[in-house]
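Notes for the structure review
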Amino acid sequence: MPASPMIPTPADPARLASDRRVAVGIFFLALAVYFLTYTGAFKSNDERAMASGTDSFVKRGEFTVNQIYWDYTNVGMLTSRGDMVPNYEPAQMVLAVPLYLWGRALGASAQGVLFFNAIVTAAAVAMLYLCFLELGYSRLTGTVGTLVFAFATLAWPYARTFFREPLTVLAYLLAFYGLLRYRPPAHRHLRWLALAGAATGLALTTKQISVAMLPSVLLLLVAYEWRRPLAPGEGHTLWGVRLRAAAALLLPLLAFLLLGWVYNQVTLGGVELFARNIIEYTTNPQLSQSVPARMLRALLGITVSPYKGLFWYAPVLLLGLIGAWPFTRRFRWEGLAFLLLIAAHLLGYSRYNYWSGGVAWGMRYLLPIVPFLILLAAPVWDWLVTPPPTYLPPQAPGQQTTSPSRWPLRLGVFAIVALIGLSTAIQVVGISVDLRTYELRFLLDQAEVWGGIGEAIDALYLQPAYSPVLGHLRLLLSGKEPLDFAWVQRREMGTTALVPQALLLCVAFLALAVGALVAIWREPRRALVVGLGMAVAAAVTASLLLFMVRQGDARYDTYGTDRFLRPMMESLQEVPCGWAGCQEALLVPDASLTDYFLNYLDAPLVWYGTESQPVDQQLMDSATGRFRRLWLGRDRSAATDDQEGRRGVERYLAEHAYKLGEQGFDDWARLLQYSAAGRPAEVAAPQQALGEMVLQRVALGLENSAATAEPQPDPAETAPGQPLDDGQVLAQPGDTLQIGLTWQATRPPDANYTVFVQLLDEASQVRAQSDRWPGDGLFPTAGLAAGQAITDNLALPLDVPPGRYQLIAGLYQGDVEGLPRLAGPGGDFVSLGQIVVTEPGGE
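Below: a short report on this structure. (Residues numbered from 1 in each chain as written. Predicted model: local features only at pLDDT ≥ 70, side-chain atom pairs only at ≥ 80, totals over all residues. Heavy atoms only, no water.)

Moving on to the overall build of the protein. Along its length, the protein carries 30 helices and 21 strands. By its C-alpha atoms, the protein is 135 × 70 × 55 Å across when sized along the principal axes. Counting across all 843 residues of the protein, residues that qualify as buried make up 56%. Summarising the internal contacts of the protein: among those between residues at least 6 apart in sequence, 75% fall at separations of at least 24. Of the roughly 34700 Å² of accessible surface on the protein, 62% is carried by carbon and sulfur atoms. A distance of 18 Å separates the average location of the 62 positive side-chain charges in the protein from that of its 69 negative side-chain charges. (Helix = DSSP H or I, 4+ residues; strand = E, 2+ residues; numbered from the N terminus. Buried < 20%, exposed > 50% of the residue type's maximum accessible area, 1.4 Å probe, protein only. Contact = heavy atoms within 4.5 Å. Areas by Shrake-Rupley, 256 points an atom, 1.4 Å probe, with all protein chains shown as cover. Lys, Arg positive; Asp, Glu negative; His and termini not counted. Charge placed at Lys NZ, Arg CZ, Asp CG, Glu CD.)

Once that is clear, we can look at the state of the cysteines. Following the criterion strictly, the structure yields one disulfide and no others. One disulfide bridge connects Cys577 with Cys582, the sulfur atoms lying 2.0 Å from each other. Between Cys577 and Cys582, the S-S torsion sits near 65 degrees, and that sign places the bridge as right-handed. (Disulfide = S-S within 2.5 Å.)

As a volume, the second largest pocket reaches approximately 610 Å³. Around the second largest pocket sit 25 residues that line it, and Asp434, Arg436, Arg490, Ala554 and Arg555 are the ones nearest its centre. Put simply, the parts of the chain that give the lining of the second largest pocket at least two residues each are helix 21 (435-450) and helix 27 (594-600). The greatest single-element share of the lining of the second largest pocket, amounting to four residues, is contributed by helix 21. (1 Å grid on protein atoms, 1.4 Å probe; cavity = no way out; pocket = protein on both sides within 12 Å on 5 of 7 lines; lining within 4 Å. Points joined across faces, edges and corners; volume = space filled by probe spheres on them.)

What follows is about the packing of helix 16 (residues 318-330) against helix 17 (residues 332-350). At a minimum axis separation of 5 Å, helix 16 and helix 17 run at an interaxial angle of 135 degrees. If you check the angle between helix 16 and helix 17, you find them oblique. From helix 16, Ala324, Phe327, Thr328 and Arg330 reach across to helix 17, where they touch Arg332, Glu334, Gly335, Leu336, Phe338 and Leu339. Residue composition of the contact of helix 16 with helix 17, by class: five nonpolar, two polar and three charged. (Axes fitted to C-alpha atoms, helices over the stretch in contact; angles between N-to-C directions. Parallel < 35°, antiparallel > 145°, perpendicular 65-115°, else oblique. Nonpolar A, V, L, I, M, F, W, Y, C, P; charged D, E, K, R; others polar.)

For a regular strand, the rule is simple: side chains alternate between the two faces of the sheet. Residues Val606 and Tyr608 of strand 8 (residues 606-609) are buried on one face, and the alternating residues Trp607 and Gly609, pointing to the opposite face, are buried as well. Here strand 7 (residues 584-588) pairs with strand 8 via four bridges, running parallel. What sits directly across from Ala585, in strand 8, is Val606. For the segment spanning strand 7, helix 27 and strand 8, crossover handedness is right-handed. (Pairing = 2+ DSSP bridges. Right-handed = clockwise from strand over helix to strand, strands pointing away.)

Let's shift gears to the sheet that holds strand 15 (residues 728-731). Strand order in the open sheet formed by five strands is 15-21-20-17-18, with mixed pairing between adjacent strands. Either end of the sheet is taken by a strand with one partner, and the two such strands are strand 15 and strand 18 (766-772). Averaged over all adjacent pairs, the angle separating strand axes in this sheet is 20 degrees, with direction ignored. The pairing of strand 17 (residues 754-760) with strand 20 (residues 803-812) spans seven bridges and is classified as antiparallel. Paired with Thr754 across the strands is Tyr812, a residue of strand 20.

Another point: the environment of Ser831. Structurally, the position occupied by Ser831 is in strand 21 (residues 830-837). Considered as a pair, Ser831 and Ala809 are 22 residues apart in the sequence and their alpha carbons are 6.6 Å apart. With residues up to four places along the chain from it excluded, the contact list for Ser831 reads Gln806, Leu807 and Ile808. Within the structure, Ser831 has its side chain in polar contact with the side chain of Gln806 (distance 3.2 Å). (Polar contact = N/O pair within 3.5 Å; in protein donor to acceptor, adjacent residues only side chain to side chain.)

This next bit is on the packing of aromatic side chains. The geometry of an aromatic ring pair is captured by two quantities: the separation of the ring centres and the angle between the planes. Under the criterion given, the structure shown has 33 aromatic pairs. With a centroid separation of 6.4 Å and an interplanar angle of 50 degrees, the aromatic rings of Tyr172 and Phe372 are classed as tilted. Taken together, the residues span a long stretch of sequence, with Tyr172 in helix 10 (residues 165-182) and Phe372 in helix 18 (residues 370-376) at a distance of 200 residues. Neither Tyr172 nor Phe372 differs from the other in exposure class; each is buried. Each ring, one from Tyr313 and one from Trp361, has its centre 4.9 Å from the other, and the planes form 90 degrees; the classification is edge-to-face. Remark: Trp361 occurs in the loop between helix 17 and helix 18 and Tyr313 occurs in helix 15 (residues 310-313); sequence separation between them is 48 residues. On the basis of relative accessibility, which here comes to 1%, the residue Trp361 falls in the buried class. Here Arg139 stacks its cationic end above the ring of Trp521, 4.4 Å away from the centre of that ring. Note that Arg566 overlies the ring of Tyr600, its terminal NZ or CZ placed 4.2 Å from the centroid. (Phe/Tyr/Trp six-rings, centres within 6.5 Å; stacked < 30°, edge-to-face > 60°. Lys NZ or Arg CZ within 6 Å of the ring centre and 35° of its normal.)

Taken together, Leu250, Leu251, Leu254 and Leu257 make up a surface patch of nonpolar side chains, about 360 Å² in accessible area. Assignment of secondary structure puts Leu257 in helix 13 (residues 238-268). (Patch = residues over 30% accessible without salt bridge, like charges linked within 9 Å, V, L, I, M, F, W, Y side chains within 5 Å. Salt bridge = Lys/Arg side-chain N within 4 Å of Asp/Glu carboxyl O.)

What follows covers the nonpolar core. Membership of the largest hydrophobic core comes to 204 residues, with the highest contact counts inside it found for Tyr34, Trp381, Leu586, Phe597 and Leu653. Element by element, the count of residues in this core is highest for helix 7 (residues 116-134), at 14 residues. Among residues more than four places away in sequence, those in contact with Leu586 are Leu572, Phe597, Leu601, Leu605, Val606, Trp607, Tyr608, Trp631, Leu632, Gly633 and Leu671. Counting 38 residues, the second largest nonpolar core, distinct from the first, contains Leu702, Val757, Ile790 and Leu811. (Core = buried A, V, L, I, M, F, W, Y, C linked by side-chain atoms within 4.5 Å.)

Moving on, we get to the pairing of strand 16 (residues 736-745). Burial within strand 16 is extensive, with nine of its 10 residues counted as buried. Of the strand pairs in this sheet, strand 14 (residues 693-703) and strand 16 are connected by nine bridges, and their pairing is antiparallel. Counterpart to Met693 in the pairing with strand 16 is Ala745. Note: strand 16 against strand 19 (residues 789-797), nine bridges, orientation antiparallel. The residue of strand 19 that forms the bridge with Ile739 is Leu794.

Next up on the list: the side chain of His472. Tracing the chain through its elements places His472 in helix 23 (residues 468-478). Once residues within four sequence positions are removed from consideration, His472 is found in contact with Trp361, Val429, Gly430, Val433, Asp434, Leu435 and Tyr438.

On to helix 24 (residues 500-522). Its 23 residues give helix 24 an end-to-end C-alpha distance of 33 Å, which sits within 8% of 33 Å, the value for a rise of 1.5 Å per residue. Among all positions of helix 24, only Ala502, Leu505, Cys506, Phe509, Ala513, Ala516, Leu517, Ala519 and Ile520 are buried. Close packing links the buried residues of helix 24 with helix 2 (22-36) and helix 25 (527-549). (Expected span 1.5 Å × (residues − 1).)

Packed helices, taken two at a time, are described by the angle their axes make and the gap between the axes. Contact pair helix 12 (residues 214-225) / helix 17: the axes reach a minimum separation of 8 Å and the direction vectors enclose 165 degrees. As judged from the angle between their axes, helix 12 and helix 17 are roughly antiparallel. In the packing of helix 12 onto helix 17, the handedness of the crossing is right-handed. In contact with Pro215, Ser216, Leu219, Leu220, Ala223 and Tyr224 of helix 12, helix 17 contributes Trp333, Glu334, Leu336, Ala337, Leu340 and Leu341. The residue makeup of the contact of helix 12 with helix 17, split by class, is 10 nonpolar, one polar and one charged. (Left-handed = near helix turned anticlockwise from the far one by under 90°.)

Here you go:
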C-alpha cells in the first residue's frame, strides 16, 4: 500500500543521522568558494547603511547612519534630534557585530563585516541540504540540488554583499527545516517548533516583507497537526499538546517581535510621521500600486525579462517549475507551502514600482524564494543522479530483440546539465565585474534618452540587447574592466594590482575544503573532527586574507591619502565617547571618504559623512547646537580645498563655532577642532578703534560641559542687558571660553592683520594666548571695503588656576619686523572683560 502524502514513510534514523553530517563538508566547500570570490567592498548605500548601524551600535549603543548623511536614496530617515537612522530592521546589524569586532581588531571593520554573507550563505547552503534529507531524498540528490543553489543561482553573487536577502534566505530555511523535523511520523519535539518560531522572528526582524512566509508556516503547522494522534506519554489531552506546540512556536517568535518593537521605539521614535506598513512590500507605501496592467509588466520584469528576470539570471530555476507537480504529488503540503511562498513574493513585488531591486545582479528581492524553487526541482535532481531504467516496448513472439534507445535519456541529462552550466556561467560573469559598472552606465545614458530611469527601464526591460548579463559578458571579454575580487586591488588612475599571496591562500583553502568534503562523504563519523579543523582553517584564512587586502585598495582609499589619514585616526582615538554618551562629533565633508572612515575609524565619536557643497544648513545648525566639540577632517590642504570649492563646511564652522586649533599631517591632510554648543556669558559693544579697524561687538560664552538634545542660543545673537553686561565671566578651571569678535573697517585696511587674544593674570602676565588671522585665514582684513564687518570666532581653553584674569584683544601686522600693534585713542588693545575662575562649586 503506498504511503500517504500526509505521512511520509520514515527514513532509517541511523542512515539519516549519518547523511546529515555531510552538511559540514558542504558548508565549508561553499564557504571556500565564497572566500575565493570575496570582494570586500560595498556596492550600494543599503550595505553602507547597515554597516553604519553596526558601527554606531558597537561604539555607542545606538543605531544611526550619520556616516552616510549625504545619501539621497532613502536608506536613512531624519529624526527630530538631527540624526539619520536606518530605514531597516535591526537583525542583520546586530548579528554582524562579531565580524565587525574581528575586522576592527585587524584594522578593517567594514571589510570584516563583508564576510558576513559569505558565512550566512554557506550556512543556507548546508541548511538546504538538510531540508533535502528531511524530505527523504538521498545525500547525492541533496548535494546536487544544494550545489546548484550555491553556484548556479543568485546566491553566489549576493554572498559577496552585505544585503539582507541572504540572511532572510537562511531564516526561511531554518523555519522550514524546523517544521520538517517536527512533521509526522516524528515525535512532537517542541524544540523544532521553537526553532521554526525563532527563525520566523529572525526573518521578520531582518526584512519586514518576510510576513509573506507566515501563511506557508501556518499551513504546514496545521497540516502536521491535523488528525495527528496523541502519542504515548505526550499528555492527557490532544488539545493540551497542541497548545503547548503553539506556545513553542509563538514564544520565540514573539520574543523577536518584542525586540523589533523596542528597536522601533528607541531608534525610530524620533522620526516624524513614521509607521511601518506590514502589508506593503516597501516601507514607502506610496511606491506600491495594484493596477493590474502595471503589476503584469512588473511580473514579467521580475521573472523573465532580460533586465532583471529571475529565470533569465538563473535559468536552472525553470526546473523548479517542471518539478513542482511531481514534488507536490509526493509532498502535498510542503509543495503547496513552497508554491504559496513563491506566489506571495511574486505578487507582492509586482506591486512595487521599483521592482528592479536597485543596481544589483538580477532581481535581488526574489532571492528568498530561490531555495524553494531548488527544492521543488528535487524530482529532477533525483532523476539526474538515479535515472530510471530505459523503457522496452513489448516484443511480439519471434520478433528480434532490439537494443533500447538511450537518446531520450541522454537528451534529458544534457538539457539539465546545460541549464546548470549556463546558470553557473551567468553567476561567474556577474561576480567577475563590479555589478555597478554596466548597469549604472546603462541607466544614466538611457535616462537622458527616455526622460528618467524608471521610464528607461519600462521601455527597455524586455530587450535582450540591454541585459546586464550580456553587458557584463561584453565587458569581461573586452579585458578593459578589472576583475572584481579582493585579490585584484584597484590603484590610482584606474590601474590594478594582483595580490598573488591572497589568491594562493584562497585556492589552498578551497583545496582543503574539497578534501574535507571527500573525507566526510566517505566516513561521516569524521565530521566533528574535520569540521573543527576546517573552522580553525577558515578563521585563519579569513584573517590572513583580510590582513593581505585591507590596505592599498582604491575601493577604500580613492585618493591615495591613507598615509595622511591614518595619523588623523590615531589623533581621534582618545576622544571621550562611548555608551555613556558622546559630546563630540566629526564632520567628513566628502562622500568618497565614507568607506575609508567606516573601515578604519576606531574612535567612538559620532561622525557625519556629508557632501562638501552645498552645505547642509539643517545638519550644521543641529550639530553646532548639540555637540560641545566638533572636529572637521579633510584629506587635502586648505589651498587645494579653496581651488576645488570644498571649504563650505569649514567656512560655516568659522562663522558659527569657535576654532580651538588645527593639526596638519605632512602639510596636506588637516584635522580642525571647534568648540560648538555653549551658553552666553557676556556681551559688550566696545566701539574701540585700532588703526582703521573698530571692534564693534564682543560676545563671550562658555562651552557646554555636557551634550544637549536641543540647539543652544548663539551668544552672538543675544542682546546685551541684565546678567550679560556686568563685565565679567564666571568660569572654572578647564572650561573653554568662546570668543566672538566683530571687527569693522573704517577704510580699506593696509594689510592682513593678525588678531591676538591674551588672558592676563593680576600681575599682567600672559597665561593663555591665541594669534591668528580672522577666521584663521578665511576672512583676511586686506580684502575689506570701507564699512564692511567680519566676525572672528575662536576658543581659548582656561587651563589656569582659580583667580581673576583680564581678557584683551588687539591687532598687529605680522609681516613687518617687530610685529607692530595697531593703536587707537584707547591704546593698542581692547579690554574684553574680566574672567573670574573659581574652584568647582565656588562662587
